[in-house]
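Survey of secondary and tertiary structure
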Amino acid sequence: MNFTWILLVVIAAIAVTGLSNRRNLQAPLVLVTVGSVASFIPGMPRPELDPHVILGVVLPPLLYSAALKFSVATFKRNLAPILRLGVGMVLVTAFVVAFFSEWMVPEFTIGAALVLGAVIAPTDAVSAVAVGQKLGLPKRVIAILTGEGLVNDATALTLFTVAVAAVTGTRIATDSPLLFFAYEVIGGVVVGLVLAFVVKFVRARMYDSPLETGLGLVLPFAAYLAAEELHASGVLAVVVAGLVIGHYSTDASIMTRLQERSVWSSLDTLLEMFVFAYMGLQLSFVIDDVVADGLPVLHVFAYGLAVLAVVIVIRPVWLFLSYSRVRFGVTLRRERENQLTWKQNLVVSWAGMRGVVTLAAAGGIPFALSSGEPFPGRGVIQAIAFIVAVGTLLIQGSTLPFMIRRLDVADPYEQLRTQEQMELARNISRKAGEKALADAAAHPPPGIDGKELQAIVERVRRSMQARLQLQEVDEDADREAALWNAGALFDKFRHQSLRSQRVALIAARDDGDLDDEVLRTVLEGLDIEEAAAEERVRRRRAGSGAGK
């Protein structure tokens, strides 16, 4: 599939997504369906990308963007359920699928079956999180699903590497799978931390928003490739780098934060649309591969449907066992207090859609063993992986919204806490703004009349209390040339007030009084206001310089 066709697929995916959004449909499902139908068009070229391209080009920015928006504090708070799903669930799924498929599929050895298990074990939370946010899933459920998506790829790809090495007879970094897993985890975390702090150090001394944004765009690819060069987990390196940069994003300049939000939002959308369209376009070619291998198509699809059923069932069973263990007291008291309700667990258990990692790993299976013999059951593995990926998306993805609405899983206590946190943020902003104005009034610039200063301070105070009137206030200041200096001082004081609010909010977050998610929500509004104030100050300075 050449670059021209990739661009055409992206353009078509954008058009389909736009139409889906206008009709309030789930874009991933529509893209997969349209792609599957389009794959049977005569002359359609095969959408075949090198798995290293998918893993090294598509996956890093998707993971990095998700990690940027994910709070470190939230990750720590939900570490236990995230690890149960991101590590425990992956291993359980892989081994259950391995034993089941080895028993069912004649072409499989136990090693090849474990490769299949590793390929289809990781979930992709993109569509589930999008649906959940739209329908009001509790933030903790969203956080667990997002955290699982950040961790499970590393677990599955490490298991995949070990399983492929065992089947092909090649060597990995160490003969012990446990030591290899530990090395992958530690190496990936270290690489991610080192590169993230290097980028943070450099960006803090740049004072150039386009360059800062460009450096942020390069980081996920650099982290992934550097970790892979060291035979560590590139996925974990990207996730750790994203978490660190996201945590310290409040230290970046306003324009950098605004640019990065727009850039990553657009890049996320493009990559996600391409992935789902790419999945659908595989259908006819998967059938051709099965036929070319001399295998009965109906049998292989029956194998795929059977494995799909196992994959769908094993997740609720695992979560039910975990819920029962916590429910009946076989755990710590703190974990019991933070346990999800059975309705919330049911939603999480149904959010098991597969995605880009499954397709990339299936395509990365070697063609031959080290002895030169064909890899056992390679074509069947790829066909089953496709069926599971598309099947989970169509079955679980299409019914998840109905389940969320039906179960009514909203958490009233969480909503109350959010309201309290928003009120706390408003109080912090109000106090910080008033303090900044009091300091400005106590230490006026030289040569300013006291009455004029008081009038300007009062105008700034009114603009904070009624931001919707800001445009009218600015127009009044700009209409009369006599008020030019007063308008400039107004913008200066207002800018100082907004900066003080921002500093106070960040300090409250760092002290543990204010939730990180609430901080980021409030800062988005402050950033826009502060950027507008800075732009007006810049224009006034430019106008003042031109008039001289």
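What comes next concerns the included structure. (Residues numbered from 1 in each chain as written. Predicted model: local features only at pLDDT ≥ 70, side-chain atom pairs only at ≥ 80, totals over all residues. Heavy atoms only, no water.)

**A closer look at helix 11 (residues 234–247)**
The end-to-end C-alpha separation of helix 11 is 20 Å, in line with the 20 Å expected for 14 residues at 1.5 Å each. The buried fraction of helix 11 is high, at 13 of 14 residues. (Helix = DSSP H or I, 4+ residues; strand = E, 2+ residues; numbered from the N terminus. Expected span 1.5 Å × (residues − 1). Buried < 20%, exposed > 50% of the residue type's maximum accessible area, 1.4 Å probe, protein only.)

**What to know about the packing of aromatic side chains**
Under the counting rule described, the total for this entry stands at five aromatic pairs. The cationic tip of K200 hangs over the ring face of Y248; the distance from NZ or CZ to the ring centre is 4.8 Å. The ring of F367 carries R378 above its face, with NZ or CZ at 3.8 Å from the centroid. (Phe/Tyr/Trp six-rings, centres within 6.5 Å; stacked < 30°, edge-to-face > 60°. Lys NZ or Arg CZ within 6 Å of the ring centre and 35° of its normal.)

**Remarks on the layout of surface pockets**
As a volume, the second largest pocket reaches approximately 750 Å³. Along the wall of the second largest pocket there are 30 residues; nearest its centre are H52, L157, F160, T161 and E228. Where the lining of the second largest pocket is concerned, the elements lending two or more residues are helix 3 (51–68), helix 8 (139–168), helix 9 (177–203), helix 10 (209–229), helix 11 and helix 17 (356–363). Counting residues per element, the lining of the second largest pocket draws most heavily on helix 8, which supplies eight residues. In the lining of the second largest pocket, the residues fall into 17 nonpolar, nine polar and four charged. (1 Å grid on protein atoms, 1.4 Å probe; cavity = no way out; pocket = protein on both sides within 12 Å on 5 of 7 lines; lining within 4 Å. Points joined across faces, edges and corners; volume = space filled by probe spheres on them. Nonpolar A, V, L, I, M, F, W, Y, C, P; charged D, E, K, R; others polar.)

**Considering the packing of helix 8 against helix 9**
Contact geometry for helix 8 and helix 9: axes closest at 11 Å, N-to-C directions at 140°. By the angle between their directions, the pair helix 8 and helix 9 is classed as oblique. Note on packing geometry: the crossing formed by helix 8 with helix 9 is right-handed. Contacts between helix 8 and helix 9 involve T155, T158, T161 and V162 on the former and, on the latter, P177, F180, F181 and E184. Per-class residue counts for the contact of helix 8 with helix 9 are four nonpolar, three polar and one charged. (Axes fitted to C-alpha atoms, helices over the stretch in contact; angles between N-to-C directions. Parallel < 35°, antiparallel > 145°, perpendicular 65-115°, else oblique. Left-handed = near helix turned anticlockwise from the far one by under 90°. Contact = heavy atoms within 4.5 Å.)

**Description of the nonpolar core**
One finds F108, V115 and I120 to be the most contacted residues of the largest nonpolar core, which totals 131 residues. Those residues in contact with F108 that sit more than four places away from it in its chain are S101, E102, A113, L116, G377, V380, I381 and I384. By size, the runner-up hydrophobic cluster in this structure holds 12 residues, among which are A425, I428, V522 and L523. (Core = buried A, V, L, I, M, F, W, Y, C linked by side-chain atoms within 4.5 Å.)

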